[in-house]
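# A structural walkthrough
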Amino acid sequence: MLGGACSSSNGSGGGGSVDLGVCNQACEQGVTQGCYPPGTCATECAEIGQRYGKCGAEVNALFQCQVSGGGTLLCAPGVPTQLSGCEAEQKALSVCGACTTVSNDDFCDLCRKPSCCAELQAFGTAPDLKDFQSCLQGCSTQSCLDGCETSFPVAAGAFKKVDACSTTQCPAACHGDSTLPGGPNDQVAQYCTKTDGCGMSRDQCVKALGGQSGPPSACSEAYWNGFACIASTGFTCENGSVRSEECEKPITECLAGTGGGGVIVDGGGGLVDGGGGVIVDGGGGFVDGGP
């Protein structure tokens, strides 16, 4: 519903709270235009309020611009809805949200947002970003991708810098690469280093937990903080399972609140199998690498 304004972010970092009234006005405009299905605005705005609350001032300014006629929604079947106009407001929201994490970010974003903030902001505010993204969506060949980079060099160059930063700062979280130590925010690397030998090797652990392209669960941030907790405070290795009552507690509470069954990552063989058995099980233990 936020058009393309948050193409580089899912987070927060500004101030205030989302005005549900102006959000509903903007949403109902979209319903009238056929961009959004009827009867969904209350739920949609509640979700936006929760996810973008700390960027409330920027969200409100964007919606106010839309409802006052400064922007026009563009929608078509099978194509993401975009907001034409309100460029300053869209850029402000992109900058606000680029560097702050939210609970259902994937592991890569949980590392990349604090580690590559400047690069993400530069990408989110590139003047040719929308055209670059639209170009990429229509590509199915490498030559097409190369053509997009040539046609929209600012966004393409900014994207390469984001990728380069994530490669050095978040090799485990973003790429599943165990050959690099990773930066201080790569909790996958830190956790796997700390627990090396408890049920699995560091390399097996990184391969199992890292390189994720989507949110493993609604509690991914809770797991992420659990990894950081283990890395900093220690753990008990019980029959190949990493255990810590202190570090497990927020994960258990989150899973109980979301109705989760304890599965954070499904590698296709039942939870995640790194060669020795179950690796991540938020229900019966923090991390289980035992048979």
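Residues numbered from 1 in each chain as written. Predicted model: local features only at pLDDT ≥ 70, side-chain atom pairs only at ≥ 80, totals over all residues. Heavy atoms only, no water.

## Observations concerning the pattern of salt bridges
Side chains that carry opposite charge are capable of pairing whenever their charged atoms lie near each other. Scanning the entire structure with this criterion turns up five salt bridges. Linking Glu149 and Lys160 is a salt bridge whose minimum nitrogen-to-oxygen distance equals 3.2 Å. With a gap of 11 residues between them, Glu149 in helix H8 (residues 142-151) and Lys160 in helix H9 (residues 153-169) connect regions that are remote in the sequence. For Lys160, a relative accessible area of 49% puts it in the partly exposed group. With a shortest N-O distance of 2.8 Å, Glu248 and Arg243 are connected by a salt bridge. Using a relative accessible area of 13% as the deciding quantity, one classes Glu248 as buried. (Salt bridge = Lys/Arg side-chain N within 4 Å of Asp/Glu carboxyl O. Helix = DSSP H or I, 4+ residues; strand = E, 2+ residues; numbered from the N terminus. Buried < 20%, exposed > 50% of the residue type's maximum accessible area, 1.4 Å probe, protein only.)

## Observations concerning helix H4 (residues 87-97)
Along H4, the positions that sit buried rather than exposed are Gln90, Leu93, Ser94, Cys96 and Gly97. With its buried residues spanning 165 degrees around the axis, H4 presents them on a single face. Of the surrounding secondary structure, the elements contacted by the buried residues of H4 are helix H3 (56-67), strand E2 (79-85), helix H5 (107-115), helix H6 (117-124) and helix H7 (129-137). (Arc of directions from axis to C-beta. Contact = heavy atoms within 4.5 Å.)

## As for the pairing of strand E1 (residues 71-76)
Bridging between E1 and E2 involves five bridges; their strand directions are antiparallel. Within the sheet, the bridge partner assigned to Gly71 lies in E2 and is Gly85. With antiparallel pairing between neighbouring strands as the criterion, E1 and E2 make up a hairpin whose turn holds two residues, including Gly78 at a positive phi of roughly 80 degrees. (Pairing = 2+ DSSP bridges.)

## Some thoughts on the packing of aromatic side chains
Each aromatic ring pair is specified by the distance between its two centres and by the angle formed by the two planes. In this structure the tally under the stated criterion is four aromatic pairs. With 5.6 Å between their ring centres and 40 degrees between their planes, Phe107 and Trp224 make a pair best called tilted. With a gap of 117 residues between them, Phe107 in helix H5 and Trp224 in helix H13 (residues 220-233) connect regions that are remote in the sequence. Take Phe107: its relative accessible area is 0%, and that puts it in the buried class. Measuring from ring centre to ring centre gives 4.8 Å for Tyr191 and Phe227, while their planes differ by 35 degrees; the resulting arrangement is tilted. Here Tyr191, found in helix H11 (residues 187-194), pairs with Phe227, found in helix H13; they are 36 residues apart in sequence, far enough to count as distant. In terms of burial, Tyr191 and Phe227 fall into one category: buried. (Phe/Tyr/Trp six-rings, centres within 6.5 Å; stacked < 30°, edge-to-face > 60°.)

## Notes on the nonpolar core
In terms of nonpolar packing, the biggest core is built from 28 residues, with Val188, Tyr191 and Trp224 touching the most fellow members. Among the elements of the structure, H5, helix H10 (171-175), H11, helix H12 (202-209), H13 and helix H14 (245-258) are those that each provide at least two residues to this core. In terms of residue count, the dominant contributor to this core is H13 (six residues). Once residues within four sequence positions are removed from consideration, Trp224 is found in contact with Phe107, Leu110, Cys111, Ala173, Asn185, Asp186, Gln187 and Val188. Counting 24 residues, the second-largest nonpolar core is a separate cluster that includes Val31, Cys41, Phe63 and Cys65. (Core = buried A, V, L, I, M, F, W, Y, C linked by side-chain atoms within 4.5 Å.)

## Things to note about the environment of Phe235
Turning to its location among the elements, Phe235 is positioned in the loop between H13 and strand E3 (236-238). Those residues in contact with Phe235 that sit more than four places away from it in its chain are Lys194, Thr195, Cys198, Ile230, Val242 and Arg243.

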